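One-letter residues, chain by chain:
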Amino acid sequence: MSKIEQRRLVQRLQSQGIKNTAVLQAVYEIPRAFFVEEAFTRRCYENMAIPIGEGQTLSQPYIVAKMTELLELQTTDRVLEIGTGSGYQTALLAKLCHQIYSVERIKKLQWQAIHRLKKLELHNIQLRHADGWGGWVAKAPFDAIIVTAAAENMPIELLQQLKDGGRMVIPIGNETQVLQLITRIGEKYHVEKIEDVKFVPLVAGELQ
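My aim in this report is to walk through the structure given alongside it, one point at a time. (Residues numbered from 1 in each chain as written. Predicted model: local features only at pLDDT ≥ 70, side-chain atom pairs only at ≥ 80, totals over all residues. Heavy atoms only, no water.)

### A closer look at the overall build of the chain
When its secondary structure is counted, the chain shows 6 helices and 9 strands. Taken over C-alpha atoms, the radius of gyration comes to 16 Å for the chain, in line with the 17 Å a tight globule of 208 residues would show. Residues classed as buried in the chain amount to 51% of the 208 residues present. Split by element, the accessible area of the chain, about 10100 Å² in all, is 50% carbon and sulfur. (Helix = DSSP H or I, 4+ residues; strand = E, 2+ residues; numbered from the N terminus. Rg over C-alpha atoms; globule rule 2.2 N^0.38 Å. Buried < 20%, exposed > 50% of the residue type's maximum accessible area, 1.4 Å probe, protein only. Areas by Shrake-Rupley, 256 points an atom, 1.4 Å probe, with all protein chains shown as cover.)

Written out as structure tokens, the structure reads:
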């Protein structure tokens, strides 16, 4: 059943404009239902966000695929993910690049993600329990950064952790949020607004 649903999901993403074959293959290979509670296993293939506990969500398949595609990942890339969440986005990234560094501020979600990622035998992932606003300075610079929660303002520390030529995908805004693609060019940053989105907020400060 799962592989049938995975294939249908890929076909739907193609119809929605996702073209990157490596991204589509990763979506097919990573079982989305594995990252949600049993009550949501059927609905997780619909184009909707799924609650994962602690006030957080797994984004709808289209947004996950779109953000991943925008990064234009290479197999040699080192990627920073802010917001491990369920671990689904992390798993997709692990299929597409050399090394993933993922930061999560909610310990319970981090432990659940560790368990899932180990079961899938994805070994090119390092997880950290920390405030995502600070990124992961010790592992910087990164070829790509993906932020899976909405920042009210552009996080300067994250921009500084991008390599020259690196790309960051991040939702920015409060009531109205816009997905943005930022490319670093020397000490300047080119910003491209992609589309309106709705994410949980990127919370700063105290860990959970």
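### Let's talk about the layout of surface pockets
Quantified by volume, the largest pocket comes out at close to 430 Å³. Elements with a minimum of two residues in the lining of the largest pocket: β2 (56-58), α3 (61-70), β3 (78-82), α4 (88-96) and β4 (99-104). The element best represented in the lining of the largest pocket is β2, accounting for 3 residues. Each residue belonging to the lining of the largest pocket can be placed in one class, and the counts come to 15 nonpolar, 12 polar and 4 charged. (1 Å grid on protein atoms, 1.4 Å probe; cavity = no way out; pocket = protein on both sides within 12 Å on 5 of 7 lines; lining within 4 Å. Points joined across faces, edges and corners; volume = space filled by probe spheres on them. Nonpolar A, V, L, I, M, F, W, Y, C, P; charged D, E, K, R; others polar.)

### Considering the nonpolar core
Judged by nonpolar contacts, the single largest core of 46 residues is most densely connected at Leu13, Val27 and Tyr88. Elements represented by at least two residues in this core include exactly α1 (2-15), α2 (21-29), β1 (50-53), α3, α4, α5 (107-119), β6 (142-147) and β8 (177-185). Among all residues touching Leu13, those that are not within four sequence positions of it are Ile18, Leu24, Val27, Pro61, Tyr62 and Ala65. Membership of the second largest hydrophobic core comes to 20 residues, among which are Val103, Leu159, Ile172 and Leu202. (Core = buried A, V, L, I, M, F, W, Y, C linked by side-chain atoms within 4.5 Å. Contact = heavy atoms within 4.5 Å.)

### Re the side chain of Thr183
Within the fold, Thr183 resides in strand β8. Of the residues examined, Thr183 reaches a relative accessible area of 17% and is grouped as buried. Non-local contacts of Thr183, meaning those with residues more than four positions away in its chain, are made with Gly165, Gly166, Arg167, Lys188, Tyr189 and His190.

### Describing the environment of Ile63
Relative to the helices and strands, Ile63 is located in helix α3. Ile63 gets classed as buried once you look at its relative accessible area, which sits at 5%. Not counting the four nearest positions on each side in its chain, Ile63 is found in contact with Glu195, Val197 and Phe199.

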